[in-house]
Amino acid sequence: MFAYLVKRVFQAIAVMFVISLIAFAIQGNLGDPLRELVGQSVSEEVRQQLREELGLNDPFLAQYLRFVSNALQGDLGTSYFFKEPALDVILKKLPATLELVLGATIIIIGLSVPLGVYTAIKPNTILSRGIMGLSIVGISVPVFLTAILMIFLFSVELGWLPSFGRGDIVPVWGYWETNFATADGWLHILMPSIALASIMLPLFVRLIRAEMMEVLQSEYVRYATAKGINPWRIYFVHALKNTLLPVITVGGVQIGTMVAYTILTETVFQWPGMGFMFLEAVNRVDTPLIVAYLIVVGGIFVVTNTIVDLIYGLVNPTVNLARMGA
Amino acid sequence: MSLLSVRDLNVKFAMRDETVTALNGISFDLAKGERLGIVGESGAGKSITGFALMNLLSRPGFIDSGEILFDGQDVVTMNNKQLREIRGNRIAMIFQDPMVTLNPVLTIGQQMVETLRAHRKVSHEEARQIAVVKLREVYIPSPEERLDQYPHELSGGMRQRIIIAIALLLDPQLIIADEPTTALDVTIQADIMELMLELCQSNQVGLILITHDLGVVSQMTERTLVMYAGRIIESGRTRSIINDPQHPYTQGLINALPQQTQPGERLRQIPGNMPTLAQIPSGCAFNPRCEFATDTCRSQIPKISQYGEVEVACHEVHRLQLETQLEDQEA
Amino acid sequence: MSDLSQQQQLSRFAKIMDSNMMYSFRRNPVAVASFVVFIIIAICAFLAPVIAPYNPYDPAQIDLLNSEYPPAWVEGALPEFVLGTDDQGRDLWSTILYGTRLSIIIGICAVALQAFLGISIGLVAGYVGGRTDNLLMRLADIQLSFSTLMVAIIFLAVTQALFGSELFNRYAVFFLIAVIGVAEWPQYARTVRATVLAEKKKEYIDSARVLGFGPMRIMLRHILPNSLSPIFVISTVQVANAIISEASLSFLGLGMPPSQPSLGSLISSGFDYIYSGSWWITVIPGVVLVVLVLVINLLGDWVRDVLNPKLYKG
């Protein structure tokens, strides 16, 4: 177990190293820090002096090491636009994005398992065919279009749901303000969560169905039937537990996609999260903020992938965590 | 009254364009505590027979007609609840490959306890105790520890012992074992067979042993059915069939045994292959591979009837008997 | 010997194409309908310069005064604009035709690039094995764990900031093809590698090696044909995904500029007008996009059902 953890941590460090290189390269090439600091009206001499002071003339390695050591201390530079530490800006936006992801995840997990299992064990009913038909339509509609069409229908035409922003939010802890405390907050997060879940949900329904159908063909399910076990126990203990293994793996990969989709969803709903902020930062060429976003998102990927791997190891007895570390 | 009585069982497979017959007019009886071998090459329908007896055929296979009376009740017409009551409880099954039979994500204990509790009102703790007793019966070392292990932590032979223990959990009246040792190492095969024989004899359990190995059948069973292309072609006491086979196919099977061959001599294999279900030849299905085949063999399906000590389905069985007698006289 | 087995492999594939595939195609009305719709969309898109009544790229044919006319069946429409006009006064029907063409071209080119990279890497990884294989597959894992869209967004965002939007817009098509093409190679590489590993063990590869054929020839002539059906299955779905990716990126303003709109950028430019009631600028290209992706996905589903040996049970 310990060796496995060490190995995972090493892998995580390697990935973060690559991300830091990319982030550093972006920082070095995008925009001009001097212009942001002092404007363009300063003489060349002063500029050179400033460059020297800021260490911009140092060798590459020295600059990179300084960047990393600053980053490790939580200093990812100061946002040109907000005039605040970039990390702070992001951390303030993080809860909005996480709550959106949470809402979508609840929808996805809550619906994909029952729908996937049902369509696998009763593949020929009208309801199953309907679900499968809808699911293929679901994966064919891009997230942003789902969002737009929902706004058009529920906000513009029917006027039932708010189309932008977070609504009434209640502070919980630190920067964290939650949508889940007021009815208005719930109304505001409903459509963005559904939109974010809209492409992942059908994907998972189809995946769970396919895996489940394969497991139901397996010898051990037939054996369980031959032992006279109750079909519900066969479906939900024997089959589902085996089905979940590949689903967890795919789920880990999809987390990355989900973060990318938050950018789309937040843009459409003007949701004040990290993704929306990132696009604004790109338009303003706010380099420190872009870099900070990259590092925070990279960190989220690495952490969640590691957690998913650990969960996989815990669910799957044939993965011996101790041996995998060797 | 016999424990199991199969009458004119027909099993079909619904394929894309047509329906093929996998089992054709299978009839046999099994007395309480009797051990029966079903022999044949792969594709003869042995395993399908085994699964059909528990009404456990998976799509596209289905029982088309016939009856399977177990203790007087017809398995074919039972509803799911009645079937569940019988499966694992009164008829247990041992599958072919122990590596894929046990559920990989459940412990041995979970898989034993669930079987007991599916049929008997026992507490979890009591169930574990019964499981330990049964594991001991199949000579599993330190059974308490095994209960918390997962299948992948155990060897194939160990797993098959556990599957035998699971089969014995509810003291069934009949065990159907489908090639229980083919997937195992040769060295372990004999141990497992011996164990099964011992347990069946001591517990008065009936056994249907499905195998391609006539040697195993001769050690394990009292009666034997020989199957070819979905039909029974010869049946009778195992000793009679081994010592004096009547059907040319059974003779071929016995001649092909390595024990029947002198060292250095070639193994005498039956030429050709078992036909696939979709392309069973007309007449006697064995005729293209049979050296005695006549026009009658090619056009009419032989009926099974008593001949000497066995029942056999062959048009030419009288002539065969004469020829062998002549050969014997010449020699 | 090796040629013989290869011929058998090829003829088996040809047989599938002949009998099984055609059989199931004819019996599957959804597949037939999807195919017909896809062909109609594709023909219309590629004949856009012939069919379209206006050229949306030609500023001389665009009049801002014509902007936001609704489609012909809505009150206040001009009869010459069947589907209405967009915010810049372009005929929506013409613009959609050109945009669909662009979306399909980007989708197919990006997938061709993915396939080329993925197949090459997969063949090398599987054939060479050892450390190279390990390294390449680890890379594939990492690449996959960062979603395509994320990589594409960051890459395009940085590129745009670096080059300025004018230069970026001029080469947007190539950037899009490159980034969608590069980001998804692991899909192919993994599948091809798996086939290579399975095939490498077989005798005919040994005999080809004994006959003195070089690795290139063995990989391309002997192993590759065996991975054709999974490649075909992946490609269909990937084209649909690439079109969605392109539309998403364009919607974010990181893809095709409004002056040369793809379906995504058309939807994007219409989004601002949805509150003011000009729904058609967004909804109509949206419907076209969904139908296009849907029929490709339906065809992909069908292809997978037919070709996937995993589903060949029973």
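What counts as what
- Residues numbered from 1 in each chain as written.
- Chains lettered and ligands numbered in written order.
- Predicted model: local features only at pLDDT ≥ 70, side-chain atom pairs only at ≥ 80, totals over all residues.
- Helix = DSSP H or I, 4+ residues; strand = E, 2+ residues; numbered from the N terminus.
- Buried ≥ 20, exposed ≤ 12 C-beta atoms within 10 Å, placed from the backbone.
- Contact = placed C-beta atoms within 7 Å.
- Core = buried A, V, L, I, M, F, W, Y, C linked by C-beta atoms within 7 Å.
- Domains from an automatic or database assignment.
- Nonpolar A, V, L, I, M, F, W, Y, C, P; charged D, E, K, R; others polar.
- Pairing = 2+ DSSP bridges.
- Axes fitted to C-alpha atoms, helices over the stretch in contact; angles between N-to-C directions.
- Parallel < 35°, antiparallel > 145°, perpendicular 65-115°, else oblique.
- Right-handed = clockwise from strand over helix to strand, strands pointing away.

Attention now goes to the overall build of chain A. The helix and strand inventory of chain A stands at 13 helices and two strands. For chain A, the spread of C-alpha atoms along the three principal axes comes to 85 × 60 × 35 Å. Burial status across chain A gives 40% buried among its 326 residues. Partitioning the intrachain contacts of chain A with sequence separation of at least 6 by distance along the chain shows that 71% fall at a separation of at least 24.

For chain C, the helix and strand inventory stands at 14 helices and zero strands. Its helices and strands taken in sequence order, chain C reads α-α-α-α-α-α-α-α-α-α-α-α-α-α from the N to the C terminus. Considering chain C as a whole, with its 314 residues, one finds that 46% of them fall into the buried category. Considering only residue pairs separated by 6 or more positions, chain C has 71% of its internal contacts joining residues 24 or more positions apart.

So, on to the nonpolar core. The nonpolar side chains of soluble globular proteins are, as a tendency, buried together. Residues Ile148, Ala292 and Tyr293 of chain A, Ile175 of chain B together with Ile153 of chain C are the most contacted members of the largest nonpolar core, which totals 243 residues. The dominant element in this core, judged by the number of residues it contributes, is helix α14 (residues 280-307) of chain C, at 17 residues. Both of domain 1 (1-90 + 173-331) and domain 2 (102-169) of chain B provide at least three residues apiece to this core.

What follows deals with the interface of chain B and chain A. Listed by partner, the interface residues are 24 residues for chain B and 18 residues for chain A. Counting only elements with at least two residues in the side of chain B that touches chain A, the list comes to α2 (80-86), α3 (98-101) and α4 (108-119) of chain B. For the side of chain B that touches chain A, the element with the highest residue contribution is α4 of chain B, accounting for four residues. Among the residues making up the side of chain B that touches chain A, the classes are represented as 11 nonpolar, eight polar and five charged.

All names here are of chain B. Of all five residues making up strand β3 (residues 35-39), five are buried, and the element is well covered by its neighbours. Covered by surrounding structure in β3 are Arg35, Gly37 and Val39 together with Leu36 and Ile38, the residues of both alternating faces. As paired strands, β3 and strand β8 (residues 206-211) are joined by five bridges and run parallel to one another. Paired with Ile38 across the strands is Ile210, a residue of β8. Pairing between β3 and strand β9 (residues 223-228): four bridges, direction parallel. Residue pairing for β9: Leu36 is matched across the bridge by Arg223.

Let's shift gears to the sheet that holds β8 of chain B. All names here are of chain B. Read across the open sheet, the eight strands follow the order β6-β7-β8-β3-β9-β10-β12-β11; overall the sheet is mixed. Each edge of the sheet is formed by a strand with only one pairing partner; in this case those strands are β6 (91-94) and β11 (305-307). If you compare each strand with its neighbour and ignore which way they point, the axes differ by 20° on average. Of the strand pairs in this sheet, strand β7 (residues 174-178) and β8 are connected by five bridges, and their pairing is parallel. Within β8, the position partnered with Asp178 by the bridge is Ile210.

All names here are of chain C. Close contact between helix α2 (residues 29-46) and helix α4 (residues 92-128) brings their axes to 8 Å; oriented N to C, the two are set at 110°. Classified by the interaxial angle, the pair formed by α2 and α4 is roughly perpendicular. Across the interface between the two elements, Ile41, Ala42, Cys44, Ala45 and Phe46 of α2 pack against Leu97, Thr100, Arg101 and Ile104 of α4. Here the residues of the contact of α2 with α4 sort into seven nonpolar, one polar and one charged.

Further remarks concern the interface of chain A and chain C. Residue-level contacts link 32 residues of chain A with 35 residues of chain C. Secondary structure elements with two or more residues in the side of chain A that touches chain C: α1 (2-29), α6 (126-140), α7 (143-157), α10 (231-269), α11 (274-283) and α12 (287-315) of chain A. Per-element accounting of the side of chain A that touches chain C gives the leading share, eight residues, to α10 of chain A. When grouped by side-chain class, the residues that make up the side of chain A that touches chain C number 25 nonpolar, seven polar and no charged.

Here the focus is the pairing of β7 of chain B. Walk down a regular strand and you will see the side chains alternate between the two sheet faces. Residue and element names in this part refer to chain B. The element β7 is largely enclosed, with a buried count of five among its five residues. The side-chain alternation of β7 yields two buried faces, one formed by Leu174, Ile176 and Asp178 and the other by Ile175 and Ala177. Relative to β7, β6 runs parallel, the two being bridged by four bridges. Opposite Ile94, over in β7, you have Ala177 as the bridge partner. Between the parallel pair β7 and β8, the chain is carried across by helix α8 (residues 186-203), and the sense of this crossover is right-handed.

Shape descriptors only; they carry no functional weight alone.
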